[in-house]
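Structural overview
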Amino acid sequence: MAPITTLRDWLDRLAATDRLAVARPGVGLVHQLAAVANRLDGHKASLFPRPGGHAMPVVSGLTSDRNWMAEAMGVTPSGLLARFQQAAANPLPCAEVTTAPVQQVVHRDGIDLMRLLPIPTHNELDSGAYISAGLCLSRNPHNGIQNVAIHRLQVNGPDRLGVLILPRHTMSYLQMAEEMSQDLEVAIVIGVDPITLLASQAIAPLDADEMEIAGALHGAPMPVVKCLTNAVRVPAHAEIVIEGRVLREAREEEGPFGEFPQYYGERAKRHVIQVDCVTTRQAPIFHTIVGGGLEHLLLGGIPREASMLSHLKRSFPNVLDVHLGRGGVMRYHLAVQIRKRSEGEAKNIMMGAFAGHYDIKQVVVVDEDVDIHDPTEVEWAIATRFQADRDLLVVGHSQGSRLDPSAEDGLGAKMGLDATRPLTAPPLKFKRIAVPGQDAVRLQDVLEAGAATGWRDRL
Ligand code: MN
């Protein structure tokens, strides 16, 4: 199948395969919508017509399964990371157009975000309504190269958004603008296809436009159109664009907000976006990502896996696959599958992984016969191939995630577990038991349907 390029095409695909749940009109925007979306998380995407009486519908849970993401990209699940790596290495420049569906309707005067858009409130202690699935596009003020990132956006006023900008690429462009005594022009893009969402989370260098990675994944240049009030170029087929500026001087209270580790990100003074214009399609669809749900975790996890796999393979070509598990919030706990060549190598690989991303807190290294996507398999490898006095590596007082509440202001420990077989073990000692023909047997050829109630007659 060809890669999915618009939100509406993806909703069609989900609907045709019984993976889109449609709510009765009028589900409440405060907690009620998130409650339903969370109950369906991992099973179905959800569509909410007239949420809280608002004319604009909301969708959520577009990619709450890793296999769906592979499907949207037109690859098999085992080919997901390789495809993403290939696209990240071979970005495709965007194609500028002059008219776009996303600019069919224009709101310039008297902007009131809560009236224009059905912006939900998700978790219990969230400070209020948040735009959580907005791609924040900004431009390097020196060379015009764009960046894409998702920042949480709190509604601070009718035309003001509070924004958490961590010290990454948007922050770099903002600092450049500040040095020129300018605000940073941005566009918040809501309602794109799952591939563009995933590409926005690529671990790419500064001045690598994530929209070009989306184009590579689509297999066609992303059509983009210039914003009406600034120079940012936005995807032409998106549902909604909020044009504005990150103000260089203003700071307002933002948070708390339910984040991916299943805890709240703290309240503090943050940057502010002044909204200048809102453009939409005719009858647009609003997308929301419920904080801490699978959609949230997978969008961050898959690009991290792809970059970690590339990083490790450079030093260790015998690394076969990596996986960031759900229990480790798809950020902190990494499983690495290797074809072991020498003793001690697993510990070098652990150190490589810790160096690859500061979020990584635990690394388990296993052999090629262990399925790293199955937490039970990984636990079995630890149970039968690992001894703590011999195979455990602990590194204290190192940099970790600031959102990990057990860390002290981002300072924490790393733990590595070598759960690989010793190369010198006798052949039978670590050989997994197996019944010949188990995978190949066709049960329908062997079993007699409906015979169970008459089992005595079959004796
Ligand atoms: Mn970037």
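Cut-off values and rules
Numbers given to residues run from 1 along each chain, matching the order in which its sequence is written. Local features are withheld for residues below a pLDDT of 70 in this predicted model, meaning they are given only at 70 or higher, and side-chain atom pairs are given and counted only at 80 or more; totals for whole chains, interfaces and linings count all residues. The side-chain figures draw on all heavy atoms in the structure; neither hydrogens nor water molecules are used. Per the convention used, a helix needs a DSSP run of H or I reaching at least four residues, while a strand needs a run of E reaching at least two, with both numbered from the N terminus. Every radius of gyration here is taken over C-alpha atoms, with the globule rule written as 2.2 Å times N^0.38, N being the number of residues. Only protein chains enter the area calculation, which uses a 1.4 Å probe; residues under 20% of their type maximum are buried, those over 50% are exposed, and those in between are partly exposed. A contact between two residues is defined here by any heavy atoms of the two lying within 4.5 Å. Accessible surface area values rest on a Shrake-Rupley calculation with a 1.4 Å probe, where residue burial reflects the displayed protein chains alone. A positive count includes Lys and Arg, and a negative count includes Asp and Glu. His and the chain ends are not counted in either. The atom standing in for a charge is NZ when the residue is Lys, CZ when it is Arg, CG when it is Asp and CD when it is Glu. Any pair of nitrogen or oxygen atoms within 3.5 Å is treated as a polar contact; in protein, a donor-acceptor pairing is required on top of that, and neighbouring residues in sequence qualify only through side-chain atoms on both sides. Water is not among the atoms examined, so metal sites may look incomplete; donors are the N, O and S atoms within 2.8 Å of the metal, or within 3.2 Å for Na, K and Ca. One bridge is not enough; two strands pair if DSSP finds at least two bridges between them. As annotated, the domain borders come from an automatic or database domain assignment. Values labelled buried area give the accessible surface lost by two parts on being combined, using a 1.4 Å probe and summing over both. Think of a salt bridge as a Lys or Arg side-chain nitrogen and an Asp or Glu carboxyl oxygen that are within 4 Å of each other. Helix axes use the C-alpha atoms of the stretch in contact, all axes being lines fitted to C-alpha atoms, and the angles between their N-to-C directions lie in the range 0 to 180 degrees. What sets the label is the angle itself: under 35 degrees gives roughly parallel, over 145 gives roughly antiparallel, 65 to 115 gives roughly perpendicular, and the rest give oblique. Helix crossings fall into two classes, left-handed where the near helix is turned counterclockwise from the far one by less than a right angle and right-handed where it is turned clockwise. Ten residue types, Ala, Val, Leu, Ile, Met, Phe, Trp, Tyr, Cys and Pro, are classed as nonpolar, four, Asp, Glu, Lys and Arg, as charged, and the remainder, Gly among them, as polar. Think of a nonpolar core as a cluster: buried Ala, Val, Leu, Ile, Met, Phe, Trp, Tyr and Cys residues, connected wherever their side-chain atoms sit within 4.5 Å. For patches, a residue must show more than 30% relative accessible area and have no salt bridge; joins then use 9 Å for like charges and 5 Å for nonpolar side chains, namely Val, Leu, Ile, Met, Phe, Trp and Tyr. Sulfur atoms of two cysteines make up a disulfide when they are within 2.5 Å.

Counting secondary structure elements, the chain contains 13 helices and 24 strands. Scaling as 2.2 N^0.38, a compact globule of 459 residues should have a C-alpha radius of gyration of about 23 Å, and the chain matches this with 24 Å. A principal-axis box enclosing the C-alpha atoms of the chain has dimensions of 75 × 60 × 40 Å. Every one of the 459 residues in the chain was classed for burial, and the buried ones make up 53%. For the chain, the proportion of contacts with a sequence separation of at least 24, taken over those separated by at least 6, is 71%. In the structure as shown, the chain presents an accessible area of about 21,000 Å², 53% of it carried by carbon and sulfur atoms. The centroid of the 45 positive side-chain charges in the chain is displaced by 2 Å from the centroid of its 53 negative side-chain charges.

Further remarks concern the side chain of glutamate 259. Locating glutamate 259 in the fold gives a position in the loop between strand S16 (257-258) and strand S17 (264-265). A relative accessible area of 11% means that glutamate 259 is categorised as buried. Here arginine 152 takes part through its side chain, which lies 3.0 Å from a polar atom of the side chain of glutamate 259.

Coordination of the manganese ion by the protein comes from Asn147 (OD1), His169 (ND1) and Glu210 (OE), over a distance range of 2.0 to 2.2 Å. Summarised as a motif, the one-chain spacing of the donors to the manganese ion is N-x21-H-x40-E. One end of the pair, histidine 169, is in helix H6 (residues 169-179); the other, glutamate 210, is in helix H8 (residues 210-218), and 41 residues separate them in sequence.

Let us look at the sheet that holds strand S2 (residues 45-48). On the basis of which strands lie adjacent, the open sheet formed by 4 strands has the order S1-S2-S3-S19 and mixed pairing. The open sheet has two edge strands with one neighbour each: strand S1 (20-22) and strand S19 (286-287).

With that settled, the discussion passes to unusual backbone geometry. In this structure, the amide linkage connecting glycine 255 to the following residue, proline 256, adopts the cis form with an omega of 0°. By the secondary structure assignment, proline 256 is in the loop between strand S15 (252-254) and S16.

What follows concerns the domain arrangement of the chain. The domain architecture assigned to the chain consists of domain 1 (7-295) and domain 2 (316-419). In this assembly, 10 residues from domain 1 lie in contact with 12 residues from domain 2. When domain 1 packs against domain 2, close to 910 Å² is buried across both sides, 70% of that on carbon and sulfur atoms. Where domain 1 meets domain 2, there are 0 salt bridges. In this assembly, domain 1 and domain 2 are joined by 0 residue pairs in polar contact (both at pLDDT 80 or more).

Contact geometry of helix H1 (residues 7-16) with helix H3 (residues 66-73) gives a least axis separation of 12 Å together with a crossing angle of 120°. Taken together, the axis directions place H1 and H3 in an arrangement best described as oblique. H3 is crossed by H1, and the crossing has right-handed handedness. Contacts between H1 and H3 pair Trp10, Arg13 and Leu14 from the former with Trp68, Glu71 and Ala72 from the latter. Looking at the contact of H1 with H3 residue by residue, the classes come out as 4 nonpolar, no polar and 2 charged.

With that settled, consider H8. The buried fraction of H8 amounts to 8 of the 9 residues, a majority that puts the element mostly inside the structure. Glu210, Met211, Ile213, Ala214, Gly215, Ala216, Leu217 and His218 are the residues of H8 that are buried. One side-chain oxygen at the N-terminal end of H8 lies 2.8 Å from the backbone nitrogen of methionine 211; it belongs to aspartate 209. Just beyond H8, the residue with positive phi is glycine 219, at close to 80°.

It is worth spelling out the nonpolar core at this point. For soluble globular proteins, nonpolar side chains are generally found buried alongside one another. With 79 residues, the main nonpolar core has Val234, Leu312, Val319, Leu334, Val336 and Val363 as its most contacted residues. At 9 residues, the largest contribution of residues to this core is made by helix H9 (residues 294-315). By size, the runner-up hydrophobic cluster in this structure holds 39 residues, among which are Ala37, Tyr173, Leu184 and Ile190.

A cluster of nonpolar residues, Val441, Leu443, Val446 and Leu447, forms a patch on the protein surface that exposes about 380 Å² of accessible area. Relative to the helices and strands, valine 441 is located in the loop between strand S24 (411-419) and helix H13 (443-446). With a relative accessible area of 43%, valine 441 lands in the partly exposed category.

The subject of this paragraph is the pairing of strand S18 (residues 268-280). Of all 13 residues making up S18, 10 are buried, and the element is well covered by its neighbours. The pairing of strand S5 (residues 105-107) with S18 spans 3 bridges and is antiparallel. When the sheet's bridge partners are listed, valine 106 is paired in S18 with threonine 279. Of the strand pairs in this sheet, strand S10 (residues 160-163) and S18 are connected by 4 bridges, and their pairing is antiparallel. The partner of arginine 160 across the bridge, within S18, is glutamine 274.

Our focus in this paragraph is the state of the cysteines. Applying the stated criterion to the full structure yields 0 disulfides. Not engaged in a disulfide, the cysteine cysteine 227 finds its nearest cysteine sulfur in cysteine 277; these two sulfurs lie 7.9 Å apart. Judged by its relative accessible area of 2%, cysteine 227 falls in the buried class.

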